[in-house]
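Breakdown of the fold
Residue strings, one per chain:
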Amino acid sequence: MKKVAIILCTWQGERYLAEFLDSILAQTYQNWKIYAADDCSTDQTLEIIERYRQQYPDKFVNLGRNKDNKGACRNFLEALANPSGDSADYYMFADQDDVWYPEKISRSVEVMRRMEAEASAAMPLLAHCDSKVAGEDLQEIFPSYTAYLGMDQYNNKFPHLLLQNIVTGGGTIINHALRDKMLTLPEHVVMHDHWAALIASAFGRIEYIDEQLYVYRQHGDNEIGARKGGFLTEVMSRLGIGKGNDRKKADQESGSLYRNLFLQAASFRSIFGGELDERNKRALDAFIAIPNYGRVRKILTVLRYGIVYDRFYRTFGELLFI
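Let us look at the structure shown here. Computed from a predicted model, the values in this text were never measured in an experiment.

1. Observations concerning the overall build of the protein chain
Summing up its helical and strand segments, the protein chain has 13 helices and nine strands in all. Restricting the contact set of the protein chain to residue pairs at least 6 apart, pairs at least 24 apart contribute 76%. Of the roughly 14400 Å² of accessible surface on the protein chain, 50% is carried by carbon and sulfur atoms.

Right under this line is the structure:
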């Protein structure tokens, strides 16, 4: 059986953590080990992890508390690079407040093994699944996270992913080849799942598992929350409607998003530029150069290289605000 390393990064997680860990223990696939890294929690999070480690010493590795707060993204990337996970075949990211259905690991491993058989275990591969959106007490908000956000999970081309991430960390499994390409830590990165998706798209394959294999718990403390997608709500958000008509605030939020994406793209170029095929390299260089262009040239560039969103109204907003 393939060994699965589950990368769990925690922060102030005492409220939901035990329920999540119990859902892992109830998995039908049992060849797994959790590597838990805490990001300076001040509640009982570490005590809960240590209690489970003592009770299941062959299943839990406590990587301890970070000396400084790293944030979710950096914490995940550094925990993934921890040498103690070298013996694993596959890696899964885990969020402390989700609940996994019993077949989540087995189904993810099944898909990954098929992908390796069809392609190669030496190719960076990523598979990701859907989830159910629920509230704090696990009451259902929407049956599908993908449908709730209005996302196209099958548009996984590299130019598109430069702009829009389609992968959710809690639903992701990657193989060892992709993990090895993530060992060089980027200077700038938006989120760990976005970074993994870019690498897999550029050098390997991404596959979507159209099944709800876990519960995404939506609550006030989520670092990245699920916000319902749709033409009207997203256009209103872009224009600052519903925020006290604060158009300036909306512009600032859009500007910050694009700046982070440009910085992430530049980091990707510095690490992997020499390995990219010519088509993806041209798209990457064009994206990085966009801040230097006027409005007309920005529009022509994103349309020429396919650096667009998955819905026409999102792309329309991009043309206005990028």
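Still to come is the rest of the account.
2. Quick look at the environment of A197
Within the secondary structure, A197 is located in helix 8 (residues 192–203). A sequence separation of 28 residues divides A197 from G169, and the C-alpha atoms of the two residues are 9.8 Å apart.

3. Here's the deal with the side chain of K3
Following the sequence through the fold, K3 ends up in the segment before strand 1 (4–10). A distance of 3.0 Å separates a polar atom in the side chain of K3 from a polar atom in the side chain of S87. Residues in contact with K3, not counting those within four places in the same chain, are N31, Y35, S87, A88, D89 and Y90.

4. A word on the packing of aromatic side chains
Under the counting rule described, the total for this entry stands at 17 aromatic pairs. Ring centres 5.8 Å apart and planes at 85° place the aromatic pair F20 and W100 in the edge-to-face group. In this pair, F20 sits in helix 1 (residues 17–25) while W100 sits in strand 5 (residues 99–100), placing the two residues 80 residues apart along the sequence. Comparing F20 with W100, the two get one shared label, buried. When the ring of Y154 is compared with that of Y208, the centres are 5.4 Å apart and the planes differ by 85°; the resulting orientation is edge-to-face. Here Y154, found in the loop between helix 5 (145–149) and helix 6 (158–163), pairs with Y208, found in strand 9 (residues 205–217); they are 54 residues apart in sequence, far enough to count as distant. Under the relative-accessibility criterion, Y154 is labelled exposed at 55%. The class of Y208 is buried, set by a relative accessible area of 10%.

Each value, and the rule that gives it
- Residues numbered from 1 in each chain as written.
- Predicted model: local features only at pLDDT ≥ 70, side-chain atom pairs only at ≥ 80, totals over all residues.
- Heavy atoms only, no water.
- Helix = DSSP H or I, 4+ residues; strand = E, 2+ residues; numbered from the N terminus.
- Contact = heavy atoms within 4.5 Å.
- Areas by Shrake-Rupley, 256 points an atom, 1.4 Å probe, with all protein chains shown as cover.
- Polar contact = N/O pair within 3.5 Å; in protein donor to acceptor, adjacent residues only side chain to side chain.
- Phe/Tyr/Trp six-rings, centres within 6.5 Å; stacked < 30°, edge-to-face > 60°.
- Buried < 20%, exposed > 50% of the residue type's maximum accessible area, 1.4 Å probe, protein only.

Purely spatial values, then, with no claim about function.
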